[in-house]
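# A structural walkthrough
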Amino acid sequence: MRGGARTAGRSFINTDSSKISTPVVYARPEHSVSRADISRAALKVLYTLRNAGYEAYLVGGGVRDLLLGRKPKDFDVATDATPEQIRACFRSCRLIGRRFVLAHVRVGREIVEVATFRAAGGNAGEDRHQQRVTVNGRVVRDNVYGSLEEDAWRRDFSVNSLYYNIADFSVVDYTGGMPDLKESRLRLIGDPKLRFREDPVRMLRAIRFAAKLGFRIDPAIRDAIPACREWLLEVPPSRLYEEVVKIFLGGAACRSFSLLRRHGMFELLFPDIDACLASESEAEAEAASAFIERALSSTDARVAQEKPVTPAYLFAALLWPALRREADLLRGHGEGEAQAIESAGARVVARELARVSIPRRCSIVTREIWDMQPSLSTRRGRGALGLAGRLRFRAAYDFLVLRAQAGEPVQEQCDWWTRLLESEGEERDALVAPPARSPRRRRRRRRRGQRDPAEHETPA
Ligand code: ATP
Ligand code: MG
């Protein structure tokens, strides 16, 4: 079988034909991708494209995860139809992206991402009609369409470049993805240095997939990273935010954290936190790493249990050691606890934005979680019920629990809130009742303007 033979209705801009090769085709009995495991929406998209006369393949994480017996996060489709032709096939379809134009097809509540085959990367500079634009080798726009073969070679990792063909249910492998998958090896297609130059985010994707799949990072990738990692600083911070969220909320945050540190990338994404982790004070360094590891393992546990996780809480946890350091400095200059946390939070977020642009809707919640910490540590009595009714209380309480688990001296406060949350009726009233004062010590309420008799007369 040779894919990409049908070219009717589409013009190729072929920039690199040297890599065209014969694929290994695994017929249906030779692989484990079953239509029963593909979502109804993805099947509908594949069949609609095919019935309209186009090639249609499932590709990327969907095929990779099904072959590994894992549940795919989503399904990506590749086709020889152009974005406009895709749009014409579906009632509900939106073209998105500029750097990389994609079609989002909505079927019921599901969205399937459909991409037109693209030509393999190259140092094209400014391509015809500006369809591929590169800046210092970094591809900032890539809409040069190509054949299936070319599409296979321009993908990032061999295991992400396997195509499930809806026409005959075979899996098509141009890049040796199937043997890599069997040997749990994450291998970049082509020369790692060139591929990282085109798109430095591929270094983060390498960490993410290695952590999530438990794959070995190919030595060629490992060896290229030290010379390439600083290119991450050229990536728009908004794109880094998206990737960071995928890394840390994808269920393998702990492993990703340790891989990012080992490969010298964590410090580029979170310089303030890295400064705490590498602090000269052993106690500070240990506290920071204990806190982050505890936070990430509880995030992984929640993802495994399919409980909700939010970027706001993630950033509250990741940045907390940096906030604590900053707040300590401010307290040293005489600021009170609540004020120090508020100002330190603002500074830490502002500095982080230069690297990873946390959207405001997220950082507002992050800061609310932090700002509630001093009240949670001190608030008792009836005011506690008001606090417990606040929108961010649950997240702020979970955060207090996390601090206690990581060894911060807030266990007692934590237990008190836990008891309050588990109590009701009289028990709850008793918990929030103001402590009874002995009558002898009770002071007489002063009337306005009346001087406290205990107050000394200041001599004129
Ligand atoms: P998952 O969806 O499980 O996170 P995925 O492999 O499907 O993993 P996506 O980001 O959904 O990842 O991308 C879909 C596919 O598009 C990838 O499998 C890969 O083939 C290709 N791809 C995505 N990003 C890049 C990139 N930066 N460079 C080259 N190919 C890419
Ligand atoms: Mg995907």
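Residues numbered from 1 in each chain as written. Chains lettered and ligands numbered in written order. Predicted model: local features only at pLDDT ≥ 70, side-chain atom pairs only at ≥ 80, totals over all residues. Heavy atoms only, no water.

### As for the overall build of the chain
Counting its secondary structure elements, the chain contains 21 helices and 12 strands. In the structure as shown, the chain presents an accessible area of about 23200 Å², 48% of it carried by carbon and sulfur atoms. (Helix = DSSP H or I, 4+ residues; strand = E, 2+ residues; numbered from the N terminus. Areas by Shrake-Rupley, 256 points an atom, 1.4 Å probe, with all protein chains shown as cover.)

### Focus on the packing of helix α20 (residues 411-422) against helix α21 (residues 425-432)
With their axes 9 Å apart at the nearest point, α20 and α21 run at an angle of 150° to one another. When the axes of α20 and α21 are compared, the pair comes out roughly antiparallel. Between α20 and α21 the crossing geometry is left-handed. In this structure, α20 uses W416, R419, L420 and L421 to contact α21, whose residues at the interface are R428, L431 and V432. (Axes fitted to C-alpha atoms, helices over the stretch in contact; angles between N-to-C directions. Parallel < 35°, antiparallel > 145°, perpendicular 65-115°, else oblique. Left-handed = near helix turned anticlockwise from the far one by under 90°. Contact = heavy atoms within 4.5 Å.)

### Some words on the site of ligand 1
Around ligand 1, 17 residues are found, and the nearest of them are G61, R64, D199, R202 and R208. A distance of 3.0 Å separates an oxygen atom of ligand 1 from a polar atom in the side chain of R155. Taken by itself ligand 1 offers 580 Å² of open surface, and the protein chains cover 88% of this. Taken together, the elements giving at least two residues each to the shell around ligand 1 come down to α2 (61-67) and α7 (201-213). Here the shell around ligand 1 gets 5 residues from one element, more than from any other, and that element is α7. Tallied by class, residues from the shell around ligand 1 come to 1 nonpolar, 3 polar and 13 charged. Two domains each donate at least three residues to the shell around ligand 1, and these are domain 1 (6-183) and domain 2 (191-371). (Near = heavy atom within 4 Å. Polar contact = N/O pair within 3.5 Å; in protein donor to acceptor, adjacent residues only side chain to side chain. Nonpolar A, V, L, I, M, F, W, Y, C, P; charged D, E, K, R; others polar. Domains from an automatic or database assignment.)

### Overview of the coordination of the magnesium ion (ligand 2)
Protein-derived ligands of the magnesium ion (ligand 2) are D74 (OD) and D76 (OD), with the metal-ligand distances lying across 2.5 Å. Note on D74: relative accessible area 34%, which makes it partly exposed. (Donors = N, O, S within 2.8 Å, 3.2 Å for Na, K, Ca; no water. Buried < 20%, exposed > 50% of the residue type's maximum accessible area, 1.4 Å probe, protein only.)

### Points about helix α13 (residues 282-304)
For α13, built from 23 residues, the straight-helix expectation of 33 Å at 1.5 Å per residue is met to within 8% by its first-to-last C-alpha distance of 33 Å. Packed against the buried residues of α13 are α9 (237-248), α10 (253-262), α12 (271-277), α14 (311-332) and α19 (393-405). Just beyond α13, the residue with positive phi is E306, at close to 55°. (Expected span 1.5 Å × (residues − 1).)

### A few points about the pattern of salt bridges
Under the definition given, this model contains 26 salt bridges. For R155, the salt bridge is made with D151, and the minimal N-O distance between the two is 2.9 Å. When its relative accessible area of 12% is taken as the criterion, R155 is described as buried. The exposure class of D151 is buried, given its relative accessible area of 0%. (Salt bridge = Lys/Arg side-chain N within 4 Å of Asp/Glu carboxyl O.)

### Focus: the confidence of the model for the chain
Residues with a pLDDT of 70 or more make up 86% of the chain, whose mean pLDDT is 87. Across residues 1-18, where pLDDT falls below 50, the model places 47 contacts with residues more than four positions away in sequence or in other chains. Throughout residues 449-460 the model reports pLDDT below 50, and contacts reaching past four residues in sequence, or to other chains, amount to 4 contacts. (pLDDT = per-residue confidence, 0-100.)

### A look at the sheet that holds strand β6 (residues 110-116)
Spatial strand order, β1-β10-β9-β2-β3-β6-β5-β4: 8 strands in an open sheet with mixed pairing. Either end of the sheet is taken by a strand with one partner, and the two such strands are β1 (24-26) and β4 (93-96). When strand polarity is set aside, the average angle formed by the axes of neighbouring strands in this sheet is 30°. The pairing of strand β5 (residues 102-107) with β6 spans 5 bridges and is classified as antiparallel. Note that in β6 the partner of V107 across the bridge is E110. On the sheet, helix α1 (residues 40-51) packs against β2 (56-59), β3 (76-79), β5 and β6 and is oriented at approximately 40° with respect to β6. (Pairing = 2+ DSSP bridges.)

### Quick word on unusual backbone geometry
One non-glycine residue with positive phi stands out, namely F169, at about 65°. Along the chain, F169 turns up in the loop between β9 (162-165) and β10 (171-173). Relative accessible area serves as the criterion here: at 22%, F169 is assigned to the partly exposed category. In this structure, S184 is a non-glycine residue whose phi angle is positive, near 50°. Relative to the helices and strands, S184 is located in the loop between α5 (177-182) and β11 (185-186).

### A short note on the pairing of β6
Summarising the sheet, β3 and β6 pair through 4 bridges and their orientation is parallel. Each residue of the ladder has a partner; that of T79, found in β6, is T116. What sits between β5 and β6 in their antiparallel hairpin is a turn of 2 residues, with G108 showing a positive phi close to 60°.

### Quick look at the nonpolar core
Membership of the largest hydrophobic core comes to 106 residues, with the highest contact counts inside it found for F248, F270, F315 and F399. Counting contributing residues, this core receives three or more from each of domain 1 (6-183) and domain 2 (191-371). Setting aside residues no more than four positions away along its own chain, F399 makes contact with F291, Y313, A316, A317, W320, I369, W370 and Q373. (Core = buried A, V, L, I, M, F, W, Y, C linked by side-chain atoms within 4.5 Å.)

### Let's talk about the packing of aromatic side chains
Per the counting criterion, the structure on display carries 16 aromatic pairs. With 5.0 Å between their ring centres and 85° between their planes, F257 and F266 make a pair best called edge-to-face. F257 gets classed as buried once you look at its relative accessible area, which sits at 3%. Classification of F266 as buried rests on a relative accessible area of 1%. Both rings, one in W416 and one in W417, keep their centres 5.1 Å apart while their planes meet at 90°; by these two values the pair is edge-to-face. The pair W416 / W417 is uniform in exposure class, with both members buried. Each residue in the set Y241, F248, F257, F266, F270 and F315 is aromatic and connected to the rest through ring pairs, giving one cluster. For the cation-ring pair, R35 lies above F169, with the distance from its terminal atom to the ring centre recorded as 3.9 Å. (Phe/Tyr/Trp six-rings, centres within 6.5 Å; stacked < 30°, edge-to-face > 60°. Lys NZ or Arg CZ within 6 Å of the ring centre and 35° of its normal.)

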